[in-house]
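Here is what each chain is made of, one letter per residue.
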Amino acid sequence: MNNTITTYNPYNGDKLNRYTLFSTEKTHSILDAAENTFNDWKLTPIKKRAKLLRKLGDVLNENIEKYSKLITLEMGKPIAESRAEIKKCILLCDFYEKNAARFLSDHIIDTEAHESFISYDPLGIILAVMPWNYPFWQVFRFAVPTLTAGNTGLLKHASNVTGCALAIQECFEQAGYPIGCFQTLLSNHEDIETLIKNDNVKAISLTGSEKAGISIAGTASTVLKKSVLELGGNNACIVLDDADLDRYLNTMVKARFQNSGQSCIAAKRFIVTEGIYDTFLKRFKAEVEKLKYDNPLKETTQTSVLAREDLAEELQKQVDSSIKKGAKILLGNIQKGAYFSPTILTDVTEDMDVFTEETFGPVAPIIKAKDLDHAISLASNSRFGLGTMLFTKDIETARNKIGSINDGAFFINDMVKSDPRLPFGGTKASGYGRELSQEGILEFVNIKTIYINK
Ligand code: NAP
């Protein structure tokens, strides 16, 4: 069995580094450290735990160039977007530093008892399995609330961002977190299955594909452990006849093409009503054509390679099969190695892969709708449920549709995005549970009822 991980720069194929997977003994000693640290960490006052977040933010800030470059080298994100990712992690630290103690303070409930309240206790070791597309942000949005709540964390990161995985552990250590509070594991899928079953691991947080969700949550269910799943998405972006293209066209382009199209909450199906369809196509194409492709390390680069060649090949298969069913290429559809050019497909119908499956790259399928109700019905025809966005000047009509959207988020005149202040998560095949905000910090705590009679 291969016990090494080799990382490559997807832009030029250069080998970056080689790592050896941890032995069973090393994994056990990491588990022991996480458990021992938990026993002290859970007793550390919440204010003291939250205070460390200031230092964590400082470490990120001091190393922003180093970490941004590492992200870009390992997964090909344009450097300006890598920097923005680190800055967002700093905002997250700031948010929970200011709010965690309030979120976790005892909640008094009036009953017949002399005293009754809810307390929020940490659970223990929480295992995180994370993806490569936002290699710092995904891990931080798990770790910051989870650790601040008094748990300890173990990270199994995507193999292609192993350098980031180790750098994140370094961040926590440099910020002064007790050794064992946050540790990175270099493990294969079989080791993770064993870990999920380990008694000391109390819950699992996975951000990744539907397939990984089924496997990991499946294992967790055999030992009755909680999991939070942040999985794939197929968000619709509805553009109505009265959409303000002057104001929001750039937002729509960004909604699909940021991170070279590799975002779970990206706009993956553009559903456009008849009255604006031709204008939208013309203007959308003109904007997408302007996206500057280059080496992701260059400051001016707006779009670059995908994170791995196999991802570009997979995307090509989805596009090819949709073209066979009648989709037309308005722009792009050039794949070479890990490169996939920004692509627009028209004449897309509900039976095509680019409609039914998640496309994880720079492909914008366009679907024509008769009116708002038809658009909502097309948008809802998905087994995913991360979010829907709707562009219109008629806010009241849009507001009336809130109840018709069964996703984790509904954004009117903006792209679906994550924000530390707002809960984030999906429905249906996009997973369950929430991250960020108060809801996120309460996922990995024991919500304990206290009832006192005199
Ligand atoms: P992936 O292939 O599912 O991998 C995600 C993580 O799971 C990696 O660390 C991977 O490790 C691990 N993994 C996969 N199968 C496993 C198994 N059976 N046992 C243990 N670990 C396993 O997904 P990806 O390609 O990295 O990420 C893209 C997917 O993530 C997309 O579907 C995207 O929509 C989704 N995503 C969702 C959100 C959200 O918040 N909802 C955010 C970002 C991304 P290896 O690398 O070693 O295989």
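Definitions and limits used
All residue numbers refer to position in the chain's written sequence, counted from 1. Side-chain atom pairs in this predicted model are given and counted only at pLDDT of 80 or more, local residue features only at pLDDT of at least 70, and totals for whole chains, interfaces and linings cover all residues. The basis for the side-chain values is all heavy atoms of the structure; hydrogens and waters are excluded. Strand pairing is defined by DSSP finding a minimum of two bridges between the two strands. Starting at the N terminus, helices and strands are each numbered in turn, a helix being any DSSP run of H or I of at least four residues and a strand any DSSP run of E of at least two. For the purposes of this description, domain bounds are those given by an automatic or database domain assignment. Residue contacts follow a heavy-atom distance rule, with two residues in contact if any of their heavy atoms lie within 4.5 Å. We define buried area as the total accessible area lost by two parts upon association, computed with a 1.4 Å probe and summed across both. When a carboxyl oxygen of Asp or Glu lies within 4 Å of a side-chain nitrogen of Lys or Arg, that pair is called a salt bridge. Per-residue accessibility, obtained with a 1.4 Å probe over protein chains only, is compared with the maximum for each type, and a residue is labelled buried under 20%, exposed over 50%, and partly exposed between these values. Crossovers are described as right-handed under a simple rule: with the strands pointing away from the observer, the path leading from the first strand over the helix to the second runs clockwise. Nearness is defined per residue: one heavy atom within 4 Å of the molecule or strand is enough. Contacts described as polar in this section are N or O atom pairs within 3.5 Å, which, within protein, must combine one atom able to donate a hydrogen with one able to accept it, while residues neighboring in sequence count only if both atoms come from side chains. Here the accessible surface of atoms and residues is derived via Shrake-Rupley with a 1.4 Å probe, and residues count as covered only by protein chains that are part of the display. A fitted line through C-alpha atoms represents every axis, and for helices the fit uses only the stretch in contact; the resulting angles, taken between N-to-C directions, go from 0 to 180 degrees. In these notes, a set of buried Ala, Val, Leu, Ile, Met, Phe, Trp, Tyr and Cys residues joined through side-chain atoms within 4.5 Å is what counts as a nonpolar core. By this rule the span expected of a helix is its residue count minus one, scaled by 1.5 Å.

Points about the sheet that holds strand β4 (residues 115–122)
In space, the 3 strands of this open sheet follow the order β3-β4-β22, with antiparallel pairing throughout. Looking at which strands have only one partner, the edges of the open sheet turn out to be β3 (107–108) and β22 (445–452). Relative to β4, β3 runs antiparallel, the two sharing 2 bridges. Within the sheet, the bridge partner assigned to Ile 108 lies in β4 and is Phe 117.

Looking at the domain arrangement of the chain
Looking at the chain, the domain boundaries give domain 1 (4–231 + 430–452) and domain 2 (236–419). The distance between the C-alpha centroids of domain 1 and domain 2 comes to 30 Å. Between domain 1 and domain 2, the contact holds 25 residues from the first and 31 residues from the second. Overall, the association of domain 1 and domain 2 removes approximately 2,300 Å² of surface from exposure, summing both partners, and the carbon and sulfur fraction of that is 53%. Three residues, Tyr 11, Trp 132 and Ser 430, lead the burial of domain 1 against domain 2; their summed loss comes to 26% of the area buried on that side. Between Arg 83 and Glu 299 there is a salt bridge, and its shortest N-O distance comes to 2.8 Å. Counting only elements with at least two residues in the side of domain 1 that touches domain 2, the list comes to α3 (64–75), α4 (79–103) and α5 (137–148). No other element matches the 5 residues that α4 contributes to the side of domain 1 that touches domain 2.

Things to note about unusual backbone geometry
The phi torsion of most residues other than glycine is negative, and most of the peptide bonds are trans. Positive phi, close to 60°, is recorded for Asn 413, a residue that is not glycine. Turning to its location among the elements, Asn 413 is positioned in the loop between β19 (410–412) and β20 (427–428). Its identity as a non-glycine residue notwithstanding, Leu 436 has a phi of 70°, on the positive side. Position of Leu 436 among the secondary structure elements: in the loop between β21 (431–432) and α15 (437–441). Using a relative accessible area of 0% as the deciding quantity, one classes Leu 436 as buried.

Topic: the pairing of strand β9 (residues 226–230)
Residues in a regular strand point their side chains to alternate faces of the sheet. The buried count for β9 comes to 4 of 5 residues, which makes it a mostly enclosed element. Here strand β8 (residues 201–207) runs beside β9; their pairing, made up of 5 bridges, is parallel. Opposite Ser 205, over in β9, you have Val 228 as the bridge partner. Regarding topology, helix α8 (residues 210–222) serves as the crossover connection from β8 to the parallel β9, and that connection is right-handed. Note: β9 against β21, 2 bridges, orientation antiparallel. Residue pairing in the sheet places Leu 229 in a bridge with Tyr 432 of β21.

So, the site of the ligand
The local shell around the ligand holds 29 residues, among which Arg 141, Ser 159, Ser 209, Leu 231 and Glu 358 are the closest. In this structure, a nitrogen atom belonging to the ligand sits 2.7 Å away from a main-chain N or O atom of Leu 231. Surface burial for the ligand is 87%, taken as the share of its 900 Å² of free accessible area covered by protein chains. Among the secondary structure elements, those contributing two or more residues to the shell around the ligand are α5, α7 (189–197), β8 and α8.

With respect to the sheet that holds β9
Strand order in the open sheet made by the 6 strands is β7-β6-β5-β8-β9-β21, with mixed pairing throughout. In the strand order of this sheet, the two ends are held by β7 (182–185) and β21, each with one partner. Across the face of the sheet, α8 comes into contact with β5 (125–129), β8, β9 and β21 while running at roughly 170° to β8.

Thoughts on the nonpolar core
Phe 136, Phe 140 and Phe 284 are the most contacted members of the largest nonpolar core, which has 91 residues in total. Split by domain, the residues of this core number at least three in each of domain 1 (4–231 + 430–452) and domain 2 (236–419). Phe 140 has contacts with Leu 56, Leu 60, Cys 89, Leu 92, Pro 145, Ile 168, Cys 171 and Phe 172, leaving out every residue within four places of it along the chain. Membership of the second largest hydrophobic core comes to 27 residues, among which are Ile 238, Ala 327, Val 354 and Ala 369.

Comments concerning α3
Taking 1.5 Å as the rise per residue, α3 with 12 residues should run 16 Å; its terminal C-alpha atoms sit 17 Å apart, in good agreement. Within α3, burial applies to Ile 64, Tyr 67, Ser 68, Ile 71, Thr 72, Glu 74 and Met 75. On its buried side, α3 packs onto β1 (4–8), β2 (15–20), α2 (46–62), α4 and α6 (162–174). Two residues or fewer past α3, Gly 76 is found with a positive phi of approximately 85°.

Observations concerning the pairing of strand β11 (residues 267–273)
Here β11 lies mainly inside the structure; 7 of its 7 residues are buried. Two strands pair when backbone bridges link them, and strand β10 (residues 235–239) and β11 are joined in this way by 5 bridges, in the parallel orientation. The partner of Ile 238 across the bridge, within β11, is Ile 271. At this point the chain moves from β10, through helix α9 (residues 245–257), to the parallel β11, and the crossover so formed is right-handed. Alignment of β11 against strand β16 (residues 363–369), held across 4 bridges, turns out to be parallel. Paired with Ile 271 across the strands is Ile 367, a residue of β16.

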